[in-house]
Amino acid sequence: MNTATIAATAAPASLPAAPAAVPITVARGDGIGPEIMDAVLRILSAASARLAPEEIEIGEKVYRAGRTSGIGAEAWDSLRRTRVLLKAPITTPVGSGYKSLNVTLRKTLGLYANVRPCVSHAPFVPSLFTGLDVVVVRENEEDTYAGIEHRQTNEVYQCLKLITRPGCERIARYAFAYARRHGRRKITCMVKDNIMKLTDGLFRKVFLETAAAYPEIQTEVMIVDIGAALLATEPHRFDVVLAPNLYGDILSDIVAQCAGSIGLAGSANIGDAGAMFEAVHGSAPDIAGRGLANPSGLLEAAGLMLVHVGQADVANRIRNAWLRTLEDGVATADIFRDSSRQRRATTAQFADAVIARLGQEPRHLPKAMAQSAAGTVDKPVVAAALTPTPASRPEKILEGSDLFVHWDEPGRSAGQLAQRVRAALPASLQLKMITNRGVMVWPEGHPETFCTDHWRCRVMAAAGHVITAHEIPVAMTALTQTGLDVIKTENLYRFNGQPGYSLGQGE
Ligand code: NAD
């Protein structure tokens, strides 16, 4: 491990001691990673960032050495010590058996908030819009990214979408605290709760509940499809956009691309116990080692890191010098367009140009403002009482179960399946409906409906019967004994009188 201190000079005896250098972990990554990290560390040093970097090895070399996670014990030790990672992109080896290092880092360190500010720098960087300034705050741990997937039948695969109340509370509080701290005026929450009423509905509900504590911040909720279309065509309508994991992933790329280039964007991954900062782009092996890479995405990420560790003054100094560099037409190959206005620079020359402009400000582009008061640490607001206390636990009553059946007999019809299920069930349980891919096919249905080999049989307590948990496996066994392949069950509960399940088709 290589440890060096950036700009932690000893103060003369007569002056107050300089603030201690903040330990950070640095990973140079793969492909263009080492060259852009080198450029960024040089700029940080020249700007007198008070940092003490520890270097770790993660990524391709570690994967190739046989660690399928791409990260070793020594790297974890450093991360536990510093809780702050500045990470260059890494190459994920192709082939099964390798785990995504990013997902491992996010989940292990509990980095639940992904923050991606997107700003256009037109006309100095070609952009679809001038004056675009949108921050996407994306939930980072839940949703379909829990990665819980199963093949259930010959024809059907599933991915579980998990949205939790503590997860929604954490990200909503983070988004509002971020907006307040950074002087943002509005948060737009994007969901698809016209279809996913329980999961996306919870995300919306918690967003609106949380808003009550931030009356100065405007709120709006949009369905994500029209929201994405408006973001791509009228981004000036937006300020902060908050979304669950999958939509946030897509929306943040849309906005970054509208701003100019994904290559210029940085992102922060924030948790209560740590944070990771990285460029949005990958390791670009096609241009590695040739001095062609633009270090701006990683530099933007380093700026977010400086704000996080309470050095917004340094972040602003660097950002202003960088904006001035763009205005002066210094351009790496990816943003070089016009030789009459621009001067082509290698990665290292671009870094030199930023360093030479430290202390200067942009003349045309909006200059960097104190994103967070210097000395204030840009930490998440730890949500109090995230787990419901026993007193607030809702009344939970079992009403039945959805039994999912793999059934592919030739000439099959929903009516035949219903007959078999009804014959197998005890009198205390009733078959209420059968759906195929969520569409009701029994007792009502349409002959046109395409049916696959995956059937949901909704079984509820018969009138006057109070169902108990042990009756569900009994029903499952009864169906199995008739030769039906029950692949999973989902219990149906009422919570404080409200159904905790979708009611059927057409919702
Ligand atoms: P990529 O972002 O690496 O490259 C896409 C294109 O953009 C390439 O033409 C590349 O030359 C160019 N480009 C990217 N960054 C640039 C920069 N800073 N300056 C100039 N040009 C730049 O995406 P990819 O090719 O799909 O992925 C390459 C590797 O990166 C893969 O192994 C992938 O898994 C990995 N990756 C890592 C991360 C990460 O570590 N966070 C993120 C995305 C992809």
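Residues numbered from 1 in each chain as written. Predicted model: local features only at pLDDT ≥ 70, side-chain atom pairs only at ≥ 80, totals over all residues. Heavy atoms only, no water.

## Focus on the pattern of salt bridges
No. 1: As enumerated under the stated definition, the model contains 34 salt bridges in all.
No. 2: Between aspartate 352 and arginine 42 there is a salt bridge whose closest N-O contact spans 2.7 Å. On the criterion of sequence distance, the pair formed by aspartate 352 in helix α11 (residues 347–356) and arginine 42 in helix α1 (residues 33–46) is long-range, its members being 310 residues apart.
No. 3: A relative accessible area of 29% means that arginine 42 is categorised as partly exposed.
No. 4: Linking arginine 324 and aspartate 328 is a salt bridge whose minimum nitrogen-to-oxygen distance equals 3.6 Å.
No. 5: Since its relative accessible area comes to 13%, arginine 324 is described here as buried.
No. 6: If you follow the salt bridges from partner to partner, you end up with Asp133, Arg184, Arg185 and Asp239 in one network. (Salt bridge = Lys/Arg side-chain N within 4 Å of Asp/Glu carboxyl O. Helix = DSSP H or I, 4+ residues; strand = E, 2+ residues; numbered from the N terminus. Buried < 20%, exposed > 50% of the residue type's maximum accessible area, 1.4 Å probe, protein only.)

## A few points about the environment of glutamate 74
No. 1: Tracing the sequence through the fold places glutamate 74 in helix α3 (residues 73–82).
No. 2: Taking the relative accessible area as the measure of exposure, glutamate 74 reaches 49% and is therefore partly exposed.
No. 3: Glutamate 74 sits 16 residues away from isoleucine 58 along the chain, and the two C-alpha atoms are 10.0 Å apart.

## Looking at the domain arrangement of the protein chain
No. 1: Taken domain by domain, the protein chain holds domain 1 (1–111 + 261–373), domain 2 (128–259) and domain 3 (396–499).
No. 2: On a C-alpha basis, the centroid separation for the pair domain 1 and domain 2 is 26 Å.
No. 3: With 14 residues of domain 1 at the contact, the number on the domain 2 side is 13 residues.
No. 4: In terms of surface lost to domain 2, no three residues of domain 1 exceed Arg106, Lys107 and Ile262, which account for 42% of the buried area on that side.
No. 5: Here domain 1 and domain 2 share zero salt bridges between them.
No. 6: Counting across the domain 1 and domain 2 interface gives four residue pairs in polar contact (both at pLDDT 80 or more). (Domains from an automatic or database assignment. Contact = heavy atoms within 4.5 Å. Buried area = accessible area lost by both parts, 1.4 Å probe. Polar contact = N/O pair within 3.5 Å; in protein donor to acceptor, adjacent residues only side chain to side chain.)

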